[in-house]
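Secondary and tertiary structure notes
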Amino acid sequence: MRARALIFLGAPGAGKGTQAREISTRLGIPHISTGDMLRDAVQKQTALGLAAKALMDAGELVTDDVVCGIAAARIAQADTANGFILDGFPRTLRQAEFVDGLLLENGRSAPLVVNIEVDPEVLFKRLTGRRTCPLGGHIYNVYFNPPKNDEICDLDGGKLFQRADDRAEAIGQRLRAYGQLTKPLVDHYRKRLLLKVVDGNRLPEAITGEICRLLEDA
Ligand code: AMP
């Protein structure tokens, strides 16, 4: 695959982060997750984090201007020269147009967009079951990939926690925001012939394999 921006699209819980991390390691290109950047800002209690926290906890989107600003600053770093993966960004048509403009301005190729499609009932279990280790960031799922000891990380003994926005109340709002604001991006990229679709209902390794094959042919 030529040096190119990859965009991973999909509903919350589709596995964008899991796939982006794996593909980022395999290709040696950075994984850029606006959700991770915002969570980091919340944890460090920066002005950005304090402004974003309530929206995130409620499952609502942070404003386009804020997210485009942090994403653009990250994309401008030198390590993106050979390509990069965007995970959870863009999430609205305005953000998508912003990325299109940014790539054009920087003389980069059009992005390759991978849409990870997952059935609603699988999404719900992935989100409500997700637990994260605060020490190493390792992710479990109480339904599909539970830790050996309840709520304790197998790798480093960290006490697993559930993201505030993975609680049932916030999940409904996240899925609604996805349907109204993010799903239209599928058509935006399909019309531009930049879209590839993968079946995300399978095990992570099978999905990674398919994404790698798509990238080889791209
Ligand atoms: P994620 O980890 O990608 O599911 O993001 C977690 C939360 O961060 C989302 O529910 C939003 O509140 C916020 N967020 C992350 N990326 C964006 C984005 N591109 N646009 C708006 N809000 C975002």
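Anything mentioned here points back to the structure above.
Residues numbered from 1 in each chain as written. Predicted model: local features only at pLDDT ≥ 70, side-chain atom pairs only at ≥ 80, totals over all residues. Heavy atoms only, no water.

**Some thoughts on the nonpolar core**
Of all hydrophobic cores here, the largest spans 26 residues; its most connected members are Ile-7, Leu-9, Phe-84, Leu-86, Phe-89, Val-113 and Tyr-189. For this core, the secondary-structure elements that each account for two or more residues are strand S1 (5–9), helix H3 (47–57), helix H4 (64–75), strand S3 (84–87), helix H5 (93–105) and helix H8 (184–191). The residues contacting Phe-84, other than those within four sequence positions of it, are Arg-4, Ala-5, Leu-6, Ile-29, Pro-30, Ile-32, Ile-75, Leu-103 and Arg-108. Residues Leu-112, Val-114, Leu-123 and Ile-211 belong to the second largest nonpolar core, which totals 20 residues. (Core = buried A, V, L, I, M, F, W, Y, C linked by side-chain atoms within 4.5 Å. Buried < 20%, exposed > 50% of the residue type's maximum accessible area, 1.4 Å probe, protein only. Helix = DSSP H or I, 4+ residues; strand = E, 2+ residues; numbered from the N terminus. Contact = heavy atoms within 4.5 Å.)

**With respect to the packing of helix H2 (residues 34–44) against H3**
One way to put it is that H2 packs onto H3 with a least axis distance of 8 Å and a crossing angle of 115°. With respect to H3, the element H2 is oriented roughly perpendicular. For the pair H2 and H3, the crossing hand works out as left-handed. Taken together, the residues of H3 that come into contact with H2 (itself represented by Gly-35, Leu-38, Arg-39, Ala-41 and Val-42) are Leu-48, Gly-49, Ala-52, Lys-53 and Met-56. For the contact of H2 with H3, the residue count by class is six nonpolar, two polar and two charged. (Axes fitted to C-alpha atoms, helices over the stretch in contact; angles between N-to-C directions. Parallel < 35°, antiparallel > 145°, perpendicular 65-115°, else oblique. Left-handed = near helix turned anticlockwise from the far one by under 90°. Nonpolar A, V, L, I, M, F, W, Y, C, P; charged D, E, K, R; others polar.)

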